[in-house]
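# Examination of the molecular architecture
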Amino acid sequence: MGIEKRLRFEIKKCRKCEACRELVGFSCLVFPEMFALVDRERDTNEKISTADLNRLTDLCNFCGACPCLDIRAALLEYKTDQVEKNGLPLKIRAIENVELIGRVSSAFPKAANFVLQNKTARKLLQEAVGIHEKRQMPIVGKESLNTWFNKKKAGDGRHGGRKRKVAYFAGCSARYLFPEVGRALVNILEQNECDVHFFPQRCCGMPTFLEGDRKKTLALASFNLDRMAEVIKDGYEIVCSCPTCGYFLKVMLTGGFGVFSGLENSVPSDGILKIPKEKDTLTTDGQEYYHVSEKVMRHVVKSNDYFSSLDPGIRNRVADHTFDAGEYLMRLYEKDELNMAFSPAPGKVTYFPPCHQREQRIGQPYVSILKLIGGTDVEAINGEYCCGNGGIMGFKKDFFRHSLRIGSRLVTKVRAANPDVLSTECLSCRMQLDQMTVYRVKHPLEILEACYASYTKPSVQADKKN
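A quick note: this is a predicted structure, and the numbers were derived from the prediction, not measured. (Residues numbered from 1 in each chain as written. Predicted model: local features only at pLDDT ≥ 70, side-chain atom pairs only at ≥ 80, totals over all residues. Heavy atoms only, no water.)

## Brief notes about helix α17 (residues 312-320)
Selection rule: Partly exposed describes any residue whose relative accessible area lies between the buried limit of under 20% and the exposed limit of over 50%, with all areas from a 1.4 Å probe on protein chains only and scaled to the type maximum. Here a strand is any run of E in DSSP of at least two residues, a helix any run of H or I of at least four, and the numbering for each starts at the N terminus. Each polar contact in these results corresponds to two N or O atoms within 3.5 Å; when the atoms are within protein, one needs to be able to donate a hydrogen and the other to accept it, and residues that are neighboring in sequence are counted only if both atoms are side-chain atoms.
Looking at α17, one finds that the buried residues are Pro312, Gly313, Arg315, Asn316, Val318 and Ala319. The N-cap residue of α17 is Asp311: its side-chain oxygen and the backbone nitrogen of Gly313 are 2.8 Å apart.

So this is what it looks like as structure tokens:
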């Protein structure tokens, strides 16, 4: 089935199903538009045009709210195919390279802030890359995370020799726009006896993936996978502070064969893979199996996967050894190994779990950790809410107002909660919430770091009185 034909098929299938209507109708622009197009075609015989399909794919920010993977895959496959046929507009090529923007901005922070905040300079930038005039831009810090970490490593005599080994994958936003988040994680990990390695890394690839730029996405993913395979071999676990990076590495890179996690270590000497018939993980006892040769399985995997040019064994190995920062800290707590020497966080904290955090299916580890801090009032905004920003999509001239509309339901919940601090680990959400609310927005790691920093060990006299 051709790519365009497949998308048309999935659109009509969705219209007949409509199981997602109540779930995503309030936070997704794709489904209402999709249903309207199908209804128009049915009522007027006006066929859904290629322009209609192009507009539809431009509305998807890959939030993951829809439970059906088929339509999501069809939309992105179609968009990628169109880019490969027609090329990518220069404005999109400029704005999709988040890493380059961050690197240049952090190298010349004064100049970058002048361009971003000055009306005349900002207008020229808007025209050049298509940023909406009302989109607020973050203030670029004086020092990138890369620079800070290299200075710290050079000046820290304690570096190395701790009981745990963590390789930190920071993401573009924490490296360049919000380095305070990266610093917070490094400090927290060191409080918990982790030797932190900040290895060479590029953008995870999600921005380019969303824009249909397969060539750039594969190049970024290949670079990162090679480095990650090396650090895993050296005994490191990979930790991400950005949920989108974590989602990309843990979920998306495993493609359609994520259930075969650990495949490269599961092939017996005869080269025959035993695939469970009912369960979704490889097991050894009391289970019926399909018997498939490793050669056949790898051929099937490689021929049906967006990332087929990248070694599936390495992708799975990376996914198995990659953890969200909150997930990693919660694992320490569950093993009774989390450093609990922190003071209460001041005031009421309202936590928003971003889309790509929810899609990792790891619960809400940050809520659990913050609730461990005595006297801290923490509540989560539960439900299928989306901030609407969609990474770089919310910056685009054509998508900006859409992003505000999607985020309006979340903002209503935030205002009702009226917190002292609004917390989310997604820095794209942070920029959106900074734009749409008056509340201080902090990464949970920043809150936790402050609680560690302000902790005062009880005096001997106080201990005796108790």
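Once the structure has been displayed, the description carries forward.
## Details of the pairing of strand β3 (residues 237-240)
Put simply, side chains in a regular strand alternate between the two faces of the sheet. The criterion, for reference: Two strands are said to pair when DSSP picks up at least two bridges between them.
Across four bridges, the pairing between strand β1 (residues 164-169) and β3 is parallel. Bridge pairing links Ala167 to Ile238 in β3. Bridge count for β3 against strand β6 (residues 322-324) is three bridges, and the pairing is parallel. Considered in β6, the bridge of Val239 is made with Phe323.

## Here's the deal with the state of the cysteines
Rule in force here: The definition used for a disulfide is geometric: two cysteine sulfur atoms within 2.5 Å.
Counting across every chain of the model gives zero disulfides. The thiol of Cys63 is not disulfide-bonded; the next cysteine sulfur, from Cys355, is found 4.8 Å away. On the basis of relative accessibility, which here comes to 11%, the residue Cys63 falls in the buried class. Summary of cysteine pairing: Cys387 is not part of a disulfide, and the nearest cysteine sulfur, belonging to Cys429, is at 3.5 Å. Look at Cys387 and you get buried, because its relative accessible area is 4%.

## Overview of the side chain of Ser241
Stated formally: We call two residues in contact when some of their heavy atoms are within 4.5 Å.
Along the chain, Ser241 turns up in the loop between β3 and α15 (243-250). Classification of Ser241 by relative accessible area gives buried; the value is 2%. Only 2.7 Å separates the side chain of Ser241 from the side chain of Tyr168, close enough to count as a polar contact. In this view, Ser241 contacts Tyr168, Phe169, Ala170, Ala174, Val181, Leu185, Ala325, Glu425, His443 and Leu445; residues no more than four positions away in its chain are not counted.

## Comments concerning the sheet that holds strand β9 (residues 421-423)
Across the sheet, which stays open at both edges, the four strands sit in the order β8-β7-β9-β10 with parallel pairing between neighbours. Looking at which strands have only one partner, the edges of the open sheet turn out to be β8 (377-380) and β10 (441-442). Relative to β9, strand β7 (residues 348-351) runs parallel, the two sharing three bridges. If you follow Tyr351 over to β9, its bridge partner there is Ser423.

## A short note on the confidence of the model for the protein
Stated precisely, the cut-off is as follows: pLDDT is a per-residue confidence score from the predictor, ranging from 0 to 100.
Taken as a whole, the protein shows an average pLDDT of 84; of its residues, 84% reach a score of 70 or greater. Here residues 256-269 is a poorly scored stretch, pLDDT under 50, and it has 26 contacts once near neighbours within four places are set aside; other chains count. Between residues 460-466, whose pLDDT stays under 50, and residues either more than four places distant or in other chains, the model counts one contact.

## Quick word on the nonpolar core
The following threshold applies: Note on terminology: a nonpolar core comprises buried Ala, Val, Leu, Ile, Met, Phe, Trp, Tyr and Cys residues joined through side-chain atoms within 4.5 Å.
Counting 58 residues, the largest nonpolar core has Ile11, Val30, Phe31, Phe169, Met206, Phe209 and Phe248 as the members making the most contacts within it. Aside from chain neighbours lying at most four places away, what touches Val30 is Leu56, Leu59, Cys60 and Leu75.

## Digging into the packing of aromatic side chains
Rules: Pairing of aromatic rings covers Phe, Tyr and Trp, the last through its six-membered ring, and needs centres within 6.5 Å; plane angles under 30 degrees mean stacked, over 60 mean edge-to-face, and all others mean tilted. To sit over a ring, a charge needs its Lys NZ or Arg CZ within 6 Å of the ring centre and within 35 degrees of the ring normal.
Counted under the stated rule, the structure contains 12 aromatic pairs. Note on Phe31 and Phe35: the rings are 5.9 Å apart at their centroids and 70° apart in plane angle, and the pair reads as edge-to-face. Here Phe31 pairs with Phe35, and both are found in helix α3 (residues 30-44), just four residues apart, close to one helical turn. One aromatic cluster is present, built from ring pairs that chain together Phe62, Phe209, Phe248, Tyr306 and Phe307. A cation over a ring is seen here: Arg202 above Phe223, with NZ or CZ 5.8 Å from the ring centre. Arg227 extends its terminal NZ or CZ atom over the ring of Phe223, reaching a point 3.7 Å from the ring centre.

## Section: α15
Within α15, eight of the eight residues are buried, leaving the element largely enclosed by the surrounding structure. Within the span of α15, buried status applies to Pro243, Thr244, Cys245, Gly246, Tyr247, Phe248, Leu249 and Lys250.

## Some thoughts on the environment of Asp213
Tracing the sequence through the fold places Asp213 in the loop between α13 (206-210) and α14 (214-233). C-alpha of Asp213 to C-alpha of Arg93: the two residues are 120 residues apart in sequence and 8.8 Å apart in space. With sequence-adjacent residues up to four places away left out, Asp213 is seen in contact with Leu88, Arg93, Glu96, Thr208 and Tyr306. There is a polar contact of 3.1 Å between the side chain of Asp213 and the side chain of Arg93.

## A look at the pattern of salt bridges
Pairing between side chains of opposite charge can happen when the charged atoms of each approach one another. Short version of the rule: By definition here, a salt bridge exists when the distance from a side-chain nitrogen of Lys or Arg to a carboxyl oxygen of Asp or Glu is within 4 Å.
One pass over the full model with this rule turns up 31 salt bridges. For Asp52, the salt bridge is made with Arg55, and the minimal N-O distance between the two is 3.3 Å. Residue Asp52 and its partner Arg55 are both found in helix α4 (residues 50-58); the two are separated by three residues, about one turn of the helix. Judged by its relative accessible area of 7%, Asp52 falls in the buried class.

## Examining the packing of helix α8 (residues 109-117) against helix α9 (residues 119-129)
How we decide: To get an axis, fit a line to the C-alpha atoms, keeping to the stretch in contact for a helix; angles then go from 0 to 180 degrees between the N-to-C directions. Just so you know how the angles are binned, under 35 degrees is roughly parallel, over 145 roughly antiparallel, 65 to 115 roughly perpendicular, and the rest oblique. Under the convention adopted here, Pro, Cys and the residues Ala, Val, Leu, Ile, Met, Phe, Trp and Tyr are nonpolar, Asp, Glu, Lys and Arg are charged, and Gly plus all remaining residues are polar.
Packing of α8 against α9 brings their axes to within 5 Å, and their N-to-C directions diverge by 85°. Taken together, α8 and α9 sit at an angle that is classed as roughly perpendicular. Facing Phe114, Val115, Leu116 and Gln117 of α8, the residues of α9 in contact are Lys119, Ala121, Arg122 and Leu125. Residue composition of the contact of α8 with α9, grouped by class: five nonpolar, one polar and two charged.

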